[in-house]
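Summary of structural features
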Amino acid sequence: MSVVVKKDDDLDEEEYYSPFLGIEKGAVLQEARVFHDPQLDARRCCQVITKLLYLLNQGDTFTKVEATEVFFATTKLFQSKDAGLRRMVYLMIKELSPSADEVIIVTSSLMKDMNSKTDMYRANAIRVLCRIIDSTLLTQIERYLKQAIVDKNPVVASAALVSGIYLLQTSPEVVKRWSNEVQEAVQSRSALVQFHALALLHQIRQNDRLAVSKLVTSLTRGSVRSPLAQCLLIRYTSQVIRESNMNSQGGDRPFFDFLESCLRNKAEMAILEAARAITELNGVTSRELTPAITVLQLFLSSSKPVLRFAAVRTLNKVASTHPLAVTNCNIDMESLISDQNRSIATLAITTLLKTGNESSVDRLMKQMTNFMSDIADEFKIVVVEAIRSLCLKFPLKYRSLMNFLSNILREEGGFEYKKAIVDSIIILIKDIPDAKESGLFHLCEFIEDCEFTYLSTQILHFLGNEGPKTADPSKYIRYIYNRVILENATVRASAVSTLAKFGALVDSLKPRIFVLLRRCLFDGDDEVRDRATLYLKLLGGEATVGETEKDVHEFLFGSLDIPLVNLETSLRNYEPSEAPFDISSVSRETKSQPLAEKKATGKKPTGPASAPSGPVPIVDASYEKLLLSIPEFTGFGKLFKSSAPVELTEAETEYSVNVVKHIYDGHVVLQYNCTNTIPEQLLEEVINSVHV
């Protein structure tokens with residue numbers, strides 16, 4: 001089935017046909033029967049394998065029976081002499097990841113290909129074998145792999161070396177015995193072989209700091225010719241410098257001299273790698289940076305976009321720590337502001353903002369006016385953060401920078417972009433006292449047309465804290481009360497709280513605030529009415545939250561340091577009496593609570609992880625023991641918390657399923673408990689069809 005799809009990035013809107021969209025697994029499995037034909041059609045078989053690979057890479061799963069049938073059918077294709085089909089067979093076997101019992105069937109064919117006179121067969125057979133065999137079988141073919149590493153054909157040698165990198169994760173002791181052969185491969189004339197050999201040799205020795213240092217010392221004398229391998233060697237050299245804490249300013253410094261010599265390399269990638277390594281060294285001086293900055297400056301005017309991007313990105317990082325060292329490149333970077341590649345232009349402008357002086361601020365602002373409309377929000381956020389840093393660096397220039405932020409705040413943009421601008425203005429108001437009046441005014445103008453509830457409440461909260469401290473706080477009341485009239489319930493409630501703060505801190509405004517709060521008593525939202533009622537009583541002295549006026553201010557302006565769950569529990573348990581509710585009696589301790597509770601009484605628990613009646617502990621010992629027994633989860637660290645089971649099915653279904661969420665520092669594990677409710681049924685091969 002062919003579906004017409006249009007390319008989004010094609011200006012001519014040319015159409016192309018995808019043969020894969022809309023294919024179904026069942027239909028493709030039926031097509032796979034052609035593998036059994038006595039007279040194999042190589043072209044047809046390649047097409048079917050391509051579809052199977054597409055399904056696997058799109059996340060479709062094969063049942064054990066389906067995978068076994070496809071695997072055995074694929075092995076029959078070894079009888080074909082077609083080179084293209086043979087390569088597809090290799091790919092299919094590697095993707096299917098056959099079980100130990102099935103591997104034995106295909107091993108003989110792969111080993112035969114590994115000793116074939118056809119180099120393409122040998123290389124691919126090595127790659128596939130090393131992906132599917134276990135450590136026992138690996139020892140049987142180890143001799144062939146060691147021979148392949150030093151093979152004259154670079155394709156075969158690279159295949160063996162890459163397989164060694166993979167096997168190092170599963171059978172490190174076996175791979176470490178190949179050091180001599182790998183060392184010999186490092187001297188290969190093939191660029192790719194030298195690159196893979198150096199990568200494998202470093203991984204073999206990476207846990208021995210002295211061995212790595214000796215390796216780097218021996219190779220920095222000029223035996224590495226491959227640009228790719230040179231880039232690796234530069235990285236390993238900078239790693240040795242960092243770990244040994246060598247002082248590059250005095251005495252013998254062969255490693256730093258090597259990095260500096262790579263700046264004169266013929267390969268552009270090696271020059272860039274060396275320049276980046278030098279700029280990232282700890283304690284590097286401006287004098288040591290000069291050669292690296294010079295070559296990066298030359299790349300700024302390169303005709304290749306990738307070189308311009310790499311150079312300006314490196315200079316952008318250097319400008320954060322050594323801005324004076326980058327100032328010589330400012331003229332070249334100003335020409336990049338109009339670069340067609342918006343990533344390059346964004347990095348150029350942010351670098352200029354970091355390295356610019358006070359006199360260049362106004363000129364940069366003019367250049368950026370048109371620039372901002374041509375870039376995406378993600379780039380605009382980077383520019384906004386750079387402008388904020390520049391304003392903090394030159395506080396006397398706050399007017400032009402604040403005006404620029406205000407102008408772009410009124411333009412079209414997404415939530416994250418607008419939030420970055422609002423956060424920047426708030427930070428500038430806090431850190432630059434002279435910017436308070438203009439900054440608050442800009443926020444009030446923005447809130448008139450703000451479409452984001454979160455930003456409106458954030459601005460109102462900040463306005464309530466800072467507005468009363470200004471010379472003329474009354475001018476903000478109109479903007480705040482407009483939110484009570486025109487906004488949604490959440491923003492209206494926040495506006496009521498902000499009005500109360502003005503009334504509490506500015507005595508001259510208290511009568512006006514009383515009038516506005518009384519109008520809020522007729523609002524259609526309970527939260528707005530309740531807040532207005534509470535604040536009227538507090539400001540009028542009819543209700544107390546403490547003995548002093550300071551307690552009232554703390555209630556209005558202070559943050560709630562009581563867990564909401566504890567407060568809700570205390571309020572539910574409170575029995576009306578002459579004694580008022582005492583908020584100080586609420587516990588400040590956080591207790592673990594079940595994330596979900598069963599609402600239906602009498603529902604049978606589903607499996608061993610049924611929801612407990614009371615609060616669940618932070619970590620259930622049975623869960624922790626179960627998770628530790630699964631190898632894939634052992635690297636996740638200590639289990640932080642397990643939730644109560646959440647029901648995913650109705651009680652009347654033929655089987656019940658619930659899920660338990662296990663929380664780690666960096667991972668979330670979902671445990672599905674599936675239970676039969678009909679004794680006559682048996683569930684087998686249950687899989688989770690949700691792809692995250």
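All residue numbers refer to positions counted from 1 along the written sequence of the respective chain. A pLDDT threshold of at least 70 governs which residues receive local features in this predicted model, and a stricter bar of 80 or more applies before side-chain atom pairs are shown or counted, although totals over entire chains, interfaces and linings include all residues. To get the side-chain values, take all heavy atoms of the structure and skip hydrogens and water.

Focus on the overall build of the protein
The helix and strand inventory of the protein stands at 33 helices and six strands. A contact between two residues is defined here by any heavy atoms of the two lying within 4.5 Å. When contacts within the protein are restricted to residue pairs at least 6 apart in sequence, those whose partners lie at least 24 apart make up 58%. Each accessible area value is a Shrake-Rupley result obtained with a 1.4 Å probe; residue values ignore everything except the protein chains displayed when judging cover. Working note: accessible area of the protein is about 38,000 Å², and carbon and sulfur atoms make up 51% of it. Here a helix means four or more residues in a row that DSSP labels H or I, a strand means two or more in a row labelled E, and each is numbered from the N terminus.

Thoughts on the pairing of strand β6 (residues 668–676)
At least two DSSP bridges between two strands are required for those strands to pair. Sheet analysis places strand β5 (residues 655–663) next to β6, joined by nine bridges and oriented antiparallel. Looking at the pairing, V657 lines up with C674 of β6. Between β5 and β6, which pair antiparallel in sequence order, lie four residues.

Focus on a nonpolar patch on the surface
Taken together, the side chains of L648, V668, L670 and Y672 define a hydrophobic patch exposed on the protein surface, amounting to about 370 Å² of accessible area. If you trace the backbone, Y672 turns up in strand β6. Three exposure classes are used, based on accessible area relative to the maximum for each residue type with a 1.4 Å probe and protein chains only: buried under 20%, partly exposed in between, and exposed over 50%. Given a relative accessible area of 37%, Y672 falls into the partly exposed group. Each patch groups residues whose relative accessible area exceeds 30% and which form no salt bridge, using 9 Å between like charges and 5 Å between nonpolar side chains of Val, Leu, Ile, Met, Phe, Trp and Tyr. Each reported salt bridge corresponds to a side-chain nitrogen of Lys or Arg within 4 Å of a carboxyl oxygen of Asp or Glu.

What about the side chain of E466?
For E466, the position within the fold is in helix α26 (residues 453–466). Accessibility expressed as a relative area gives 13% for E466, which makes it buried. Contacts described as polar in this section are N or O atom pairs within 3.5 Å, which, within protein, must combine one atom able to donate a hydrogen with one able to accept it, while residues neighboring in sequence count only if both atoms come from side chains. Side chain to side chain, E466 and K436 meet in a polar contact 3.2 Å long.

Describing the packing of helix α28 (residues 489–505) against helix α30 (residues 526–540)
Helix packing geometry: the angle between the two helix axes and the distance between the axes. α30 packs onto α28 with a crossing angle of 10 degrees between their chain directions and a minimal axis gap of 9 Å. Regarding the angle of α28 to α30, the classification is roughly parallel. Between α28, through A489, R492, A493, S494, V496, S497, A500, G503 and A504, and α30, the contact on the second element is made entirely by E527, V528, R531, A532, Y535 and L539. Class assignment of the residues belonging to the contact of α28 with α30 gives a composition of nine nonpolar, three polar and three charged. The angle between two axes is taken between their N-to-C directions and runs from 0 to 180 degrees, where each axis is a line fitted to C-alpha atoms and a helix contributes only its stretch in contact. Throughout this description, any angle smaller than 35 degrees is read as roughly parallel, any larger than 145 degrees as roughly antiparallel, any in the 65 to 115 degree range as roughly perpendicular, and the remainder as oblique. Note on residue classes: Ala, Val, Leu, Ile, Met, Phe, Trp, Tyr, Cys and Pro are nonpolar, Asp, Glu, Lys and Arg are charged, and everything else, Gly too, is polar.

Observations concerning the pattern of salt bridges
For the structure on display, the rule yields 25 salt bridges. The closest approach of N and O atoms between E448 and R483, which form a salt bridge, is 3.0 Å. One end of the pair, E448, is in the loop between α25 (436–447) and α26; the other, R483, is in helix α27 (residues 477–486), and 35 residues separate them in sequence.

A word on the packing of aromatic side chains
What describes a pair of aromatic rings is the distance from one ring centre to the other and the angle between the planes of the rings. In this analysis, rings of Phe, Tyr and Trp, with Trp reduced to its six-membered ring, are considered paired at centre separations within 6.5 Å, and the interplanar angle assigns stacked below 30 degrees, edge-to-face beyond 60, and tilted for intermediate values. Tallied over the full model, the rule gives eight aromatic pairs. Considering the side-chain rings of F636 and Y664, the 5.5 Å spacing of their centres and the 75 degrees angle between planes classify their relative orientation as edge-to-face. Remark: Y664 occurs in the loop between β5 and β6 and F636 occurs in the loop between α33 (621–628) and β3 (641–642); sequence separation between them is 28 residues. For F636, a relative accessible area of 21% translates into the label partly exposed. Three or more aromatic residues joined by ring pairs make a cluster, and in this case those are F415, F452 and Y454. Put simply, a charge is over a ring when the Lys NZ or the Arg CZ is close to the ring centre, within 6 Å, and near the line of the ring normal, within 35 degrees. The ring of Y144 carries the charged tip of R143 above its face, separated from the ring centre by 4.6 Å. For R478, the ring lying beneath its charged end belongs to Y479, and the centroid distance is 4.3 Å.

Concerning the nonpolar core
Among the nonpolar cores identified, the biggest contains 192 residues, and F35, I49, L353, V383, I387 and L499 are the most heavily contacted of them. Sequence-distant contacts of I387, defined by excluding residues within four places in its chain, comprise L353, M365, M368, L401, F404 and L405. Note on terminology: a nonpolar core comprises buried Ala, Val, Leu, Ile, Met, Phe, Trp, Tyr and Cys residues joined through side-chain atoms within 4.5 Å. One finds L627, F633, L639 and V669 within the second-largest nonpolar core, a separate group that totals five residues.

With respect to α25
Given 3.6 residues to a turn, an α-helix orients residues that are three or four positions apart in the same direction. The end-to-end C-alpha separation of α25 is 16 Å, in line with the 16 Å expected for 12 residues at 1.5 Å each. Among the residues making up α25, those that are buried are K436, G439, L440, H442, L443, C444, F446 and I447. The inward-facing, buried residues of α25 contact α23 (398–409), α24 (415–431), α26 and α27. Multiplying one less than the number of residues by 1.5 Å gives the expected span of a helix.

Thoughts on the environment of R189
By the secondary structure assignment, R189 is in the loop between α10 (179–186) and α11 (191–205). In this structure R189 comes out as exposed when scored by relative accessible area, which is 82%.

Describing the packing of helix α3 (residues 64–75) against helix α4 (residues 83–96)
Direction vectors running N to C along α3 and α4 enclose 155 degrees, while the axes themselves pass 10 Å from each other. Taken together, the axis directions place α3 and α4 in an arrangement best described as roughly antiparallel. Regarding α3 and α4, the two cross each other, and that crossing is left-handed. Where α3 approaches α4, its residues A67, V70, F71 and T74 are matched on the opposing element by V89, M92, I93 and L96. Partitioned by chemical class, the residues of the contact of α3 with α4 number seven nonpolar, one polar and no charged. Two helices cross in a left-handed way if the nearer one is turned anticlockwise from the farther one by less than a right angle. They cross in a right-handed way if the turn is clockwise.

Focus on helix α22 (residues 377–393)
The end-to-end C-alpha separation of α22 is 24 Å, in line with the 24 Å expected for 17 residues at 1.5 Å each. The complete set of buried residues in α22 reads K380, I381, V383, V384, A386, I387, L390 and C391. Close packing links the buried residues of α22 with α20 (342–355), α21 (361–371), α23 and α24.

A closer look at the pairing of β5
Each regular strand carries side chains that alternate between the two faces of the sheet. Strand direction decides the pairing type here: β3 and β5, joined by two bridges, are antiparallel. Directly across from K641, in β5, lies its bridge partner I663. As defined by bridge partners, strand β4 (residues 646–647) adjoins β5 across two bridges and the pair is classed as antiparallel. Residue pairing across strands places V646 opposite V659, the latter belonging to β5.

Details of the confidence of the model for the protein
For every residue, the predictor assigns a confidence score, pLDDT, that lies between 0 and 100. Across the protein, pLDDT averages 83, with 87% of residues at or above 70. For the stretch residues 1–13, pLDDT sits under 50, and the model shows 21 contacts to residues farther than four places along the chain or on other chains.

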